[in-house]
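Given next are the chains, with one letter for each unit.
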Protein chains: 2
Amino acid sequence: MHPNGHAGPYRQGSPICPGGKRMRGLMQNWPMTLDRILAHAASTSGSRRIAMQRPDGSITASDYASLQDEAKALSAALAAYGIGLGDRIGTLLWNDLPHMTVWYGAMGIGAVVHTLNPRFDAVRLAWLINHAGDRLLVVDAQFADTLRQVADRLPTVEHIVIASGKGAALPIGTIAVSSLEDFLGAGDPSAAVWGGFDEETAAGLCYTSGTTGDPKGVLYSHRSNFLHALCSNQPNGFAIAATDVVLPIVPMFHANAWGWTYIAPMAGAGLVLPGPRLDGASLQRLIVAEGVTFAAAVPTVWQDLLRHVRETGASLGRLARVLVGGAAVPSEMVRAFREDLGIEVMHGWGMTELSPLGAISSVMPDEAALTAQEVVSRKARQGRALFPVEARIVGADDKECPHDDATPGSLQVRGPAVVRRYYGAEEDAVDAEGWFDTGDIAVIDGHGFIKLVDRAKDVVKSGGEWISSVELENHAMGCPGVRRAAVIAIPDPRWGERPLLIAECDEGDGPSDESILAHLRPLVPKYWLPERIVFASVPLGATGKIDKLALRRLFAQPLQIEAVND
Amino acid sequence: MHPNGHAGPYRQGSPICPGGKRMRGLMQNWPMTLDRILAHAASTSGSRRIAMQRPDGSITASDYASLQDEAKALSAALAAYGIGLGDRIGTLLWNDLPHMTVWYGAMGIGAVVHTLNPRFDAVRLAWLINHAGDRLLVVDAQFADTLRQVADRLPTVEHIVIASGKGAALPIGTIAVSSLEDFLGAGDPSAAVWGGFDEETAAGLCYTSGTTGDPKGVLYSHRSNFLHALCSNQPNGFAIAATDVVLPIVPMFHANAWGWTYIAPMAGAGLVLPGPRLDGASLQRLIVAEGVTFAAAVPTVWQDLLRHVRETGASLGRLARVLVGGAAVPSEMVRAFREDLGIEVMHGWGMTELSPLGAISSVMPDEAALTAQEVVSRKARQGRALFPVEARIVGADDKECPHDDATPGSLQVRGPAVVRRYYGAEEDAVDAEGWFDTGDIAVIDGHGFIKLVDRAKDVVKSGGEWISSVELENHAMGCPGVRRAAVIAIPDPRWGERPLLIAECDEGDGPSDESILAHLRPLVPKYWLPERIVFASVPLGATGKIDKLALRRLFAQPLQIEAVND
């Protein structure tokens, strides 16, 4: 021991530590469980308003302190019923107060909220409920009949709680049904204890839409949802403060409502829940009535609202910023919001597997020097990876591609809120270094702005080069007379794959092969020009997207069709 | 197995799970290590400017990509030297590029940065270096002579690196000394591997000032610093975006520079490092030259800058917001910034033990309805607990006090960046529920705004009621003729304690006991009136604060002094 101080606790024996001895910090063990978010809001912003639009368009209200009380009462009732750590609770609900109550009531005791899309048919719902193994369902009365169709095929479901909507709590098959009121009767609110489990505990289960193959479940943890909310709400991200009033139009069954169920209480922001009425006129009224400053939705919802505002000249009140995600944002939408309405547009890109946010069109230091058109173009991109999401693009050689806005690669991501393994899967969904392949092909510019150019399965790999089917389709649809265009790859002995264009044209005087090619020649590299063009109707899938699987079944046989581009 | 789906992976045996089975989420294991922050900046904002003011006032610049390269080169040199996980590296440096390089170079390989205050004397520095067990010191050349005074009393120090300043790398006692350039020569930059350890690994060590007893070390982890930065930069907190240019005037040896070494690269913000020149004129030039939008400092620095601006009429360029912390903010400073300069003031409250931020004067939804005076008053408070910090005030009965802005209690906090145990201590510094007692007495208002009323050890506990020594001192100093006032508790057989006022008055015609009491009577409750008043000089400690320990030694004996307030 030396004369003038104490030895540190990790130096033993020799006064000079030989290095390499692991030392842990001495800070608090404070698990990031989601109940703490609502507890924070109840404690520091207890009276902040939560408004809800009822199905008839009228508005009712609550606040964070009351929401916490109700969620705790539900927790007590769930615990009294025997629901606990790891039990799955399926929900068939809109964005409303009962859904928020189930959300925190279940997660607070370590149960798992499995959000189901109410628009799904009964067979698909049954598949999802069975795959998740839901013990309890909490539903809006309007979906009771749908569930009746499959009631005898839900062996894990013990009980159904009708939490909202009109309808008597009648049995569904042999499954017991109760109203939320009756179910709550069983629990003593003061008996509810939240948290106390570790932050890796599962909190939510959300299935990908599964356009190919079976849906895949993403099992979020308390930690991943907590960090996702904190990170998404960085100043470069959603940037929601206590002064905001937020309207999550994006449903809670759509990847955690992009985090809004957590971000609003975390920030102490006002929260507006729209329920099932999402038409332009209803949303416009709600936005004005509640002084909404920020709203988040998919492009189709915004199209509807913009049309309504254009047609009626109605105001959007205090609305200052909108988040558009879930699908690519048309440049015209960015322009209309910014220039016609003075509303800032944030374009977010994400996936269920990313909790969901991966990238966002944050404002860059150079933006003041850009023209309006340049800003619109930039915001129409998918945005920059938001800290701490790591994003990279990788070529066919597995090497990272440069950020030159020209070299496309497979977009891969890592982060604390990115999926590692799908629910029930035997293997991880990531590579040895932890990268999750998004299935998208992208380019990245010098500022880190990502632009998706195609789905990996749709890109045409011709002689080692990648041809974007989406871009080729967009150019082809710009050709007069072409109503809809689809591009798929067809096998080619020399190039591996070559593009086939399926063109659905106007009746009668449609364009010829040659006029389409003439239109494309100045727009794309020569090797992008379609190998063949087929005039046929382009089939759409259930979600309105081009059904490329059907097209591949029909056309991807090189010998069946005639070459046009020799 | 039922006909229409797969069993989930956690349902075994009975199709109906009996509940209570723990389920872990299936998201990525992505440790929150601090190297990822600079890696993010280098990857997405690599060319964002880092400016540094040299001691002569000239400016040099780097960027995040270069900083990462330099820090990795240092990591390689440290590893080649034999420094690794858990080794402590002491720094005696200003806020400059070498300090940032050591910061990330050491933390990236799991070594611990122990920041030392260069203003300390040699004996105190030796005590701290020995308590920490630093193996390596990285210092500015100007401190070499200070270290020479104690060179024979630093048994754990193997090597000293001169990283900045002018001076030859001469031996310090028997300790080997090299320049940073020579030290770097040993390492191969490409050999550096960052991260790969778990997030609880220690990253930094900072000692409290220790106004009573020995200094106490707070050993931060990667996780606690990472979360502190993310949380401090919420929109309700510092709210720094990529478009900001930040100037951390608060030194890196002062509780991690309040997080700025992490927040700036996390946000991709421009970073300006002021070096040792912190006078008003130098800071004003720097702020204008670099387009600083946000700066953080203690009140004395701001006083100096405000005086300079008032006297010269100089501009503060793009400066839009300032963070004031480290000591209570005078209302007049808030007013001057807001009303005279149009600059927003954020008042932050924290402690080394909190990493440091605990509360901040975030803007509330009702602020638009307040008068300018009400806003100033609110911002002069210590602010609201910033998510996820949990704060409560507790009375003498150990029960939580109401948020009525009137009932004072001991301020206690919990959170992921709050100390659990001091470095080298045998026991935790928290109670059984994890609460850390800050040693402050506070009231909290209905909006959650905290106001510190006294240090717990200074409050006078009279008949079960608490009398704020600070408030009583402030009122006494408002009495004409009183130059300085101090209040301490003296034992009282009936009330337990009663306040003694020590008044240092103007020469000659000073106020009488009775005139001071007459001044105080309308301002405080009757039981607050000093039991006795002593006219004497009020001693100040080394940091300019009233030395209450000395006063207690001198005066806290009831029989030595005469009662004035019977």
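Residues numbered from 1 in each chain as written. Chains lettered and ligands numbered in written order. Predicted model: local features only at pLDDT ≥ 70, side-chain atom pairs only at ≥ 80, totals over all residues. Heavy atoms only, no water.

It is worth spelling out the overall build of chain A at this point. Summing up its helical and strand segments, chain A has 15 helices and 25 strands in all. Its C-alpha atoms give chain A a radius of gyration of 26 Å, near enough to 24 Å, the size a compact globule of 566 residues would have. In terms of overall dimensions, chain A has a C-alpha envelope of 80 × 75 × 50 Å along the principal axes. The 566 residues of chain A split such that 60% are buried. In chain A, once contacts between residues fewer than 6 apart in sequence are set aside, the share between residues at least 24 apart is 65%. Only carbon and sulfur atoms are counted for the fraction: they give 51% of the accessible area of chain A, which is about 21400 Å². One finds the centroid of the 50 positive side-chain charges in chain A at a distance of 3 Å from the centroid of its 64 negative side-chain charges. (Helix = DSSP H or I, 4+ residues; strand = E, 2+ residues; numbered from the N terminus. Rg over C-alpha atoms; globule rule 2.2 N^0.38 Å. Buried < 20%, exposed > 50% of the residue type's maximum accessible area, 1.4 Å probe, protein only. Contact = heavy atoms within 4.5 Å. Areas by Shrake-Rupley, 256 points an atom, 1.4 Å probe, with all protein chains shown as cover. Lys, Arg positive; Asp, Glu negative; His and termini not counted. Charge placed at Lys NZ, Arg CZ, Asp CG, Glu CD.)

A word on the environment of B:Val538. Tracing the sequence through the fold places B:Val538 in the loop between strand E25 (532-535) and helix H15 (548-555). Ignoring anything within four residues of it in the chain, the contact list for B:Val538 reads B:Arg484, B:Ala485, B:Ala486, B:Ile502, B:Glu504 and B:Ile546.

A word on the interface of chain B and chain A. Interface size is commonly expressed as the accessible surface area that is lost when the partners come together. Every contact between the two is made by 105 residues of chain B and, on the other side, 105 residues of chain A. When chain B packs against chain A, the two sides together hide about 8100 Å² of surface, and 59% of this comes from carbon and sulfur. It is B:Met27, B:Gln28 and B:Phe387 that lose the most area in chain B upon contact with chain A, and together they represent 11% of the buried surface on that side. In this structure, the connection of chain B to chain A is made through 6 salt bridges. (Buried area = accessible area lost by both parts, 1.4 Å probe. Salt bridge = Lys/Arg side-chain N within 4 Å of Asp/Glu carboxyl O.)

Here we come to the relation of the copies chain B and chain A. After a rotation of 180° and a shift along the axis of 0.0 Å, chain B superposes on chain A with an RMSD of 0.1 Å. A rotation of that kind, with that shift, is consistent with a two-fold axis. By residue overlap, the copies meet face to face through one surface: 99% of the interface positions of chain B are interface positions in chain A. (Least-squares fit on C-alpha atoms with pLDDT ≥ 70 in both.)

Moving on, we come to the pairing of strand E8 (residues 202-207) of chain A. Residues and elements named next belong to chain A. Burial of E8 is extensive: 6 of the 6 residues sit out of reach of the surface. Examined bridge by bridge, strand E4 (residues 112-115) and E8 share 2 bridges and lie parallel to one another. Looking across to E8, one finds that valine 113 is bridged to glycine 204. Relative to strand E9 (residues 217-221), E8 runs antiparallel, the two being bridged by 5 bridges. Residue pairing in the sheet places glycine 204 in a bridge with tyrosine 220 of E9. (Pairing = 2+ DSSP bridges.)

A word on the packing of aromatic side chains. Two descriptors summarise a pair of aromatic rings, namely the distance from one centre to the other and the angle between the planes of the rings. Residue and element names in this part refer to chain A. Inspection of the entire model under this criterion finds 22 aromatic pairs over all chains. When the centroid spacing of 6.4 Å and the interplanar angle of 85° are considered together, the rings of tryptophan 127 and tyrosine 207 count as edge-to-face. Linking tryptophan 127 in helix H4 (residues 122-132) with tyrosine 207 in strand E8, this pair joins segments that are 80 residues apart in sequence. For the pair tryptophan 127 and tyrosine 207, a shared accessibility class is recorded, and that class is buried. (Phe/Tyr/Trp six-rings, centres within 6.5 Å; stacked < 30°, edge-to-face > 60°.)

Residue and element names in this part refer to chain A. One open sheet accounts for 7 strands, arranged E7-E6-E5-E3-E4-E8-E9; its pairing is mixed. Every other strand in the sheet has two partners, leaving strand E7 (176-179) and E9 as the edge strands with one partner each. On average, adjacent strands in this sheet sit at an angle of 25° to one another, irrespective of strand direction. The pairing of strand E3 (residues 88-92) with E4 spans 4 bridges and is parallel. When the sheet's bridge partners are listed, glycine 90 is paired in E4 with histidine 114. The strands that helix H7 (residues 222-232) touches are E8 and E9; relative to E9, the one it contacts most, it runs at about 80°. (Axes fitted to C-alpha atoms, helices over the stretch in contact; angles between N-to-C directions.)

Residue and element names in this part refer to chain A. Among the surface-exposed residues, Asp397, Asp398, Asp431 and Asp437 lie close enough to one another that they form a single negatively charged patch. For aspartate 437, the location among the structural elements is in strand E19 (residues 436-444). Residue class for aspartate 437 comes out partly exposed when judged on its relative accessible area of 35%. (Patch = residues over 30% accessible without salt bridge, like charges linked within 9 Å, V, L, I, M, F, W, Y side chains within 5 Å.)

If you walk through the whole model with that rule in mind, you get 61 salt bridges over all chains. When the shortest N-O distance is used, the salt bridge between A:Arg483 and A:Asp506 registers 4.0 Å. Highlighted residues: A:Arg483 in strand E23 (residues 482-492) and A:Asp506 in the loop between strand E24 (496-505) and helix H14 (513-520), separated in sequence by 23 residues. For A:Asp506, a relative accessible area of 36% translates into the label partly exposed. For B:Arg420, the salt bridge goes to B:Asp428, with nearest N and O atoms at 3.2 Å.

Attention now moves to unusual backbone geometry. Of note, the amide linkage connecting B:Ser355 to B:Pro356 takes the cis form, showing an omega dihedral of 10°. Of note, the bond from B:Phe387 into B:Pro388 is cis; its omega dihedral lies within 30 degrees of zero at 0°. With respect to the element layout, B:Pro388 can be found in the loop between strand E16 (383-385) and strand E17 (390-394). You will see that A:Asn256, though not glycine, has its phi angle at about 60°, which is positive. Within the secondary structure layout, A:Asn256 lies in the loop between strand E10 (245-248) and helix H8 (260-267). Of note in this structure, A:Asp405 is not a glycine but carries a positive phi near 65°. Mapped onto the fold, A:Asp405 is located in the loop between strand E17 (390-394) and strand E18 (409-414). Its relative accessible area of 35% is what places A:Asp405 among the partly exposed residues.

Here the focus is the nonpolar core. One broad rule of soluble globular proteins: the nonpolar side chains tend to lie buried together. Counting residues in each nonpolar core, the largest one holds 128 residues, and the members touching the most others are A:Trp260 and B:Trp260. Apart from residues no more than four positions distant in its own chain, A:Trp260 is found in contact with A:Phe238, A:Ile240, A:Val246, A:Pro248, A:Val250, A:Pro265, A:Phe294, A:Ala296 and A:Leu323. (Core = buried A, V, L, I, M, F, W, Y, C linked by side-chain atoms within 4.5 Å.)

Residues and elements named next belong to chain A. The end-to-end C-alpha separation of helix H2 (residues 64-81) is 25 Å, in line with the 26 Å expected for 18 residues at 1.5 Å each. Among the residues of H2, Tyr64, Leu67, Gln68, Ala71, Ala73, Leu74, Ser75, Ala76, Ala77 and Leu78 are the ones counted as buried. A distance of 3.2 Å separates the backbone nitrogen of alanine 65 from a side-chain oxygen at the start of H2, and that oxygen is part of aspartate 63. A positive phi of about 115° marks glycine 82, the residue just after H2. (Expected span 1.5 Å × (residues − 1). Polar contact = N/O pair within 3.5 Å; in protein donor to acceptor, adjacent residues only side chain to side chain.)

Further remarks concern the sheet that holds strand E9 (residues 217-221) of chain B. All names here are of chain B. Across the sheet, which stays open at both edges, the 7 strands sit in the order E7-E6-E5-E3-E4-E8-E9 with mixed pairing between neighbours. Across the chains shown, the open sheet's two edge strands, defined by having one partner strand only, are strand E7 (176-179) and E9. On average, each strand axis in the sheet is tilted by 25° relative to the strand beside it, whichever way the strands run. Here strand E5 (residues 136-140) pairs with strand E6 (residues 159-164) via 5 bridges, running parallel.

Here the focus is helix H1 (residues 35-44) of chain A. Most of H1(A) is tucked away: 7 of the 10 residues are buried. Of all the residues in H1(A), the buried ones are A:Asp35, A:Ile37, A:Leu38, A:His40, A:Ala41, A:Ala42 and A:Thr44.

A few words on the side chain of B:Asp445. Residues and elements named next belong to chain B. Within the secondary structure, aspartate 445 is located in the loop between strand E19 (436-444) and strand E20 (449-455). Look at aspartate 445: it is buried, it has no salt bridge, and the nearest opposite charge is arginine 381 at 4.1 Å. Within the structure, the side chain of aspartate 445 is placed 2.8 Å from the backbone nitrogen of histidine 447, a separation counted as a polar contact. Looking at aspartate 445, its side chain comes within polar contact range of the main-chain nitrogen of phenylalanine 449, at 2.9 Å.

Here we come to the confidence of the model for chain A. All names here are of chain A. Summing up the model confidence of chain A, the mean pLDDT is 89 and the portion of residues at 70 or higher is 93%. Contacts for the low-pLDDT stretch residues 1-19, under 50 throughout, to residues beyond four places or in other chains number 46 contacts. Segment residues 558-566 is flagged for pLDDT under 50; beyond a separation of four residues in sequence, or across chains, it makes 20 contacts in the model. Predicted complex metrics record ipTM = 0.88 and pTM = 0.88. (pLDDT = per-residue confidence, 0-100.)

Residues and elements named next belong to chain A. When E24 meets strand E25 (residues 532-535), the two strands line up parallel, connected through 4 bridges. Along E25, the bridge assignment pairs leucine 500 with arginine 532. Tracing the backbone out of E24, into H14 and back to the parallel element E25 gives a crossover that is right-handed. (Right-handed = clockwise from strand over helix to strand, strands pointing away.)

Residue and element names in this part refer to chain B. Relative to each other, helix H11 (residues 331-341) and helix H12 (residues 372-379) sit at 125°, their axes nearing to 9 Å. For the element pair H11 / H12, the angle class is oblique. The handedness of the crossing between H11 and H12 comes out as right-handed. Every residue of H12 that contacts H11 at Ser331, Val334, Arg335, Arg338 and Glu339 is listed here: Ala372, Val375, Val376 and Lys379. In terms of residue class, the contact of H11 with H12 is made up of 4 nonpolar, 1 polar and 4 charged. (Parallel < 35°, antiparallel > 145°, perpendicular 65-115°, else oblique. Left-handed = near helix turned anticlockwise from the far one by under 90°. Nonpolar A, V, L, I, M, F, W, Y, C, P; charged D, E, K, R; others polar.)

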